[in-house]
Amino acid sequence: MRFVLRILKALALLLVLLVITAAGWLFIRPPELLSVGDGYAAKIVCSNVFIAGRGTEDVLQDDVQAPGNPLLRLVRVSVDRDNDRVTARFMGLFAPSYALYRGAFGCTSVPDGNFEAAANAAPFDPPAKMQANDALWPEGEGTGNPADGKIAALLADAGVAGPAMRAIVVVRNGRIVAEAYGPGFSAKTPLIGWSMTKTVNAAVLGRLMLDGKISFDDDNLLAQWKNDARARIKVSDLLGMESGLAFNEDYGDVADVTRMLYLDPDMVSLPANAPMEAAPGQRFRYSSGTAVLLSRIWMDRVGNAQAAFSYPHDALFSPLGMTSAVFELDARGTFAGSSYLYATAHDWARFGQFLLQDGVWNGQRLLPEGFVGAMRTPTAASNGRYTQGQAWLAPGGPSAAFGLPEDTFWLTGHDGQSMAIVPSANLVVVRLGLTPIRLDYQPQTLLKAILAAVPQSGEPKQQAGSQQKAQPQP
């Protein structure tokens, strides 16, 4: 009996030592996967609390823990409203990661904990806050006439709207004809677009093209590419996701994309130093790193830092009346053009209507002729799925396979964000939510149902000066 007790005591001591050793290891050198999870939690909570005004625990449970890796259920967060900071720790103890709120520029991950550098990277003179008004949308926030009953009924059908829908806005002939919101969300709630941000970022670059400061054919885009094969990469190669740069977009583990978003305070560093895996124009590789590179490139071309920080607001959001838009920066001052634009569903719909009108708004051309045409023109390297302008032509298969008009093109984003633009029907459909890919929801279902419910009325009515081009004009 004494022998057995000695064995049990030894095993208990060994177990305690193992726990202490494991805890010490997690405290001193936590696995990168835990740091990624904590970084994701800190950033998502920060943006939703400070930008969207949501409750901390609601965001943690609904946005971080419910749809993600089971390890995220062990993450705990704290919000320091006095210093505009969020801290996330695994089990409340390990792999701390941080996010910082910077006013008009939203939140940023601060993986190195250097809050001073992150604070100083954002300008002290942010763009002036725009105020919404009650005029009829898109001039203001008013929706005017009662909603189209047929479409409203469709949006109320969970099978059509999809699981965990947060907002749907349907725009027909330039006016909102129906909208719906999930519990706890409204027309005033800014929502993340995830990779729909890429197309907005491309439009910001397009505004700079109109000013003659950049073109599709520009190469020698970064100083570190000057003396190697990457110097041959053109702006058009980056816009079409066919730069030839290696980049791993796998969100299931610690990959290039998660390392860039949650482990590196300078998001530009990883994609800018990526090796070539193919000649430019020869291989399609979807890459959030590519979008961040485009941000850095257009910011450098603006002319000075303060003007670059204000450029999305001054050149795009203000003219379109996107009063809620918050385009977030990384911790070193580059717009996170891959992922981080928050806006209300009404403002996302404004951007869609802007593209429907070929980059013309209130009679003023804001994008070069042919630029939206590039967004609708498929690349050969993507087998017709992706376009020349950071948009999708066939995200889940050809439009014809879903019974949709051939001129349909898409913005899509992580966890079920989508925007369908159908010029032939003069239709824009925005759908935002928290719908992981494992739920197998396809936004084409929603679009097809809406198209079946709207009357067919021939040629679309667009604003004066709107023209559709088939190809980009360098």
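What counts, and at which threshold
Residues numbered from 1 in each chain as written. Predicted model: local features only at pLDDT ≥ 70, side-chain atom pairs only at ≥ 80, totals over all residues. Heavy atoms only, no water. Pairing = 2+ DSSP bridges. Helix = DSSP H or I, 4+ residues; strand = E, 2+ residues; numbered from the N terminus. Disulfide = S-S within 2.5 Å. Buried < 20%, exposed > 50% of the residue type's maximum accessible area, 1.4 Å probe, protein only. pLDDT = per-residue confidence, 0-100. Contact = heavy atoms within 4.5 Å. 1 Å grid on protein atoms, 1.4 Å probe; cavity = no way out; pocket = protein on both sides within 12 Å on 5 of 7 lines; lining within 4 Å. Points joined across faces, edges and corners; volume = space filled by probe spheres on them. Nonpolar A, V, L, I, M, F, W, Y, C, P; charged D, E, K, R; others polar. Domains from an automatic or database assignment.

**Student:** What is the right way to look at the sheet that holds strand S8 (residues 326-327) in this model?
**Tutor:** One key point about sheets: their strands pair by backbone hydrogen bonds, in either a parallel or an antiparallel sense. Ordered by their spatial adjacency, three strands build an open sheet running S7-S9-S8, and the pairing between neighbours is antiparallel. Where the open sheet ends on each side, the last strands, each with one partner, are strand S7 (191-192) and S8. The sheet contact formed by S8 and strand S9 (residues 341-343) spans two bridges and is antiparallel. The residue of S9 that forms the bridge with Val326 is Tyr342.

**Student:** In this structure, what is going on with the state of the cysteines? I would like to understand it.
**Tutor:** Among covalent bonds in proteins, the disulfide is the one between the sulfur atoms of two cysteines. Following the criterion strictly, the structure yields one disulfide and no others. In this model, Cys46 is linked to Cys107 through a disulfide, with the two sulfur atoms separated by 2.1 Å. Measuring handedness by torsion sign, the sulfur bridge of Cys46 and Cys107 sits at about -75 degrees and is left-handed. One end of the pair, Cys46, is in helix H2 (residues 32-50); the other, Cys107, is in strand S4 (residues 107-109), and 61 residues separate them in sequence. According to the relative accessible area criterion, Cys46 is buried, its value standing at 0%.

**Student:** Mind showing me how you'd approach the confidence of the model for the chain here?
**Tutor:** In low-pLDDT segments, the atomic positions of the prediction should not be examined closely. This prediction gives the chain a mean pLDDT of 91; 90% of its residues lie at or above 70. Within the model, pLDDT remains below 50 along residues 21-27, and this stretch shows 10 contacts once partners closer than five positions in the same chain are excluded. The low-confidence segment residues 458-474 (pLDDT under 50) makes 46 contacts with residues lying over four places distant or belonging to another chain.

**Student:** Teacher, can you tell me more about the layout of surface pockets here?
**Tutor:** To find leftover empty space, a probe the size of one water molecule is rolled over the atoms. Considering only enclosed or pocket space, the largest pocket measures out at about 1500 Å³ in volume. Here the residues of the lining of the largest pocket sort into 22 nonpolar, 17 polar and eight charged. Structurally, the lining of the largest pocket is a two-domain feature, drawing no fewer than three residues from each of domain 1 (32-121) and domain 2 (151-231 + 304-453). In this structure, the second largest pocket spans a volume of roughly 550 Å³. As for the second largest pocket, its lining consists of 31 residues, and the residues nearest its centre are Lys129, Thr323, Ser324, Ala325 and Val326. Listing elements by their share of the lining of the second largest pocket, those giving two or more residues are helix H12 (305-320) and S8. Broken down by element, the residue count for the lining of the second largest pocket peaks at four residues, all from H12.

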